[in-house]
Amino acid sequence: MAELLIVDTDYRSINDIRQIVENSDYSFLRIYQANTAQKAFDILKQSQPSALLMDVSLPDMDGIEFAKTVLQLYPDMPVIGISGLKMFEIVQSAINAGVSGYLLKPLSKGELLNTFDRVLKSVIKKEMNQTVSQDRFEMDLRKPIQSAVQYIQLHYNESLTLKNISDKVYLSPSYFSKSFKEEMKMTFVEYLSWIRVQKAKSMLRMTSLPIDVIANNTGFANSSYFATTFKKIEGRTPTQYREYFYLERTKNAQLK
């Protein structure tokens, strides 16, 4: 699945980007968002997106250093810098860090989509061509936890247990559980719930499917358990999340 991670503290800017993406040829992109470098690193580790769109001014880390670190970890990932500051030194630093593009706020729809055309098309085409082979799980004995994460991301909507995933990667349940928490900084159950909620958020934003259908499509046993888990992770119920998203989108549309 083609995904875009937006890292910014400006929620209005994030909503603007969402609207541009949703009303373009890139509407298929699943969007994640983070407001700090640390949260972005967590998402990058758990679900590698197709591209990163980041403000160069972050509250917990210098944005240029963040971009450098990301590109060291994921050298093939397009990184697009954005900023409200029109300063040559920042632009030059971003380019020297290896970013694929640099855009000024407020973002222009044309400039953003032109940048996507330039840096994203080849990446997405490659991912789309790999879709058929994604269902074939490839175990890497050197990286059992990352292999398990890959399997979960591909089969999150199925009935998954710690036992059957540990069997997939040839580890005992107890050792797998301990190793998973050490590497992912959360338990297997917490991660499975998190990834299912992220998939559900996209469906809540992009579709008008009923809550119980979304719950079923993302692997939850029932809508009640889905709502409880969703609220625990996101701080609001699925219905409240959907209502808030559409309210914010309507407000932003009226402001333009």
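Refer to the structure printed above.
Residues numbered from 1 in each chain as written. Predicted model: local features only at pLDDT ≥ 70, side-chain atom pairs only at ≥ 80, totals over all residues. Heavy atoms only, no water.

Focus on the pattern of salt bridges
Going through the model one piece at a time under the given rule, you end up with seven salt bridges. Note that Asp 10 is salt-bridged to Lys 105, the shortest N-O span being 4.0 Å. Residue Asp 10 is found in the loop between β1 (3–7) and α1 (11–22), and its partner Lys 105 is found in the loop between β5 (101–104) and α5 (109–119); the two are separated by 95 residues along the sequence. Given the relative accessible area of 31%, Asp 10 is considered partly exposed. Here Asp 55 ties to Lys 105 by a salt bridge, and the two come within 2.7 Å at their closest N and O atoms. Taken together, the positions of Asp 55 in strand β3 (residues 51–55) and Lys 105 in the loop between β5 and α5 put the pair 50 residues apart, joining distant regions of the chain. Residue classification places Asp 55 among the buried positions, given a relative accessible area of 7%. Relative accessible area serves as the criterion here: at 22%, Lys 105 is assigned to the partly exposed category. In the salt-bridge network here, residues are joined through shared partners; they are Asp 8, Asp 10, Asp 55 and Lys 105. (Salt bridge = Lys/Arg side-chain N within 4 Å of Asp/Glu carboxyl O. Helix = DSSP H or I, 4+ residues; strand = E, 2+ residues; numbered from the N terminus. Buried < 20%, exposed > 50% of the residue type's maximum accessible area, 1.4 Å probe, protein only.)

A short note on the packing of helix α8 (residues 144–155) against helix α11 (residues 188–206)
One way to put it is that α8 packs onto α11 with a least axis distance of 10 Å and a crossing angle of 40 degrees. Here α8 and α11 pass one another in a crossing that is right-handed. Judged by residue contacts, Val 149, Ile 152 and Gln 153 of α8 engage Phe 188, Tyr 191, Leu 192 and Ile 195 from α11. In terms of residue class, the contact of α8 with α11 is built from six nonpolar, one polar and no charged. (Axes fitted to C-alpha atoms, helices over the stretch in contact; angles between N-to-C directions. Left-handed = near helix turned anticlockwise from the far one by under 90°. Contact = heavy atoms within 4.5 Å. Nonpolar A, V, L, I, M, F, W, Y, C, P; charged D, E, K, R; others polar.)

Points about the pairing of β1
By the criterion of burial, β1 is predominantly enclosed, with five of the five residues buried. Neither face of β1 is open: one carries Glu 3, Leu 5 and Val 7, the other Leu 4 and Ile 6, and all of them are buried. Note that β1 and strand β2 (residues 30–34) share five bridges and pair parallel. Bridge pairing in β2 places Ile 6 opposite Gln 33. (Pairing = 2+ DSSP bridges.)

Section: the packing of helix α2 (residues 37–46) against helix α3 (residues 63–73)
One can describe the packing of α2 onto α3 by two numbers: an axis separation of 12 Å at closest approach and a directional angle of 15 degrees. Here α2 is positioned roughly parallel relative to α3, judged by the angle of their axes. Viewed along their axes, α2 and α3 form a crossing whose handedness is right-handed. Residues Ala 37, Ala 40, Phe 41 and Leu 44 of α2 touch α3, and the partners they reach there are Phe 66, Thr 69, Val 70 and Leu 73. Looking at side-chain class alone, the contact of α2 with α3 contains seven nonpolar, one polar and no charged residues. (Parallel < 35°, antiparallel > 145°, perpendicular 65-115°, else oblique.)

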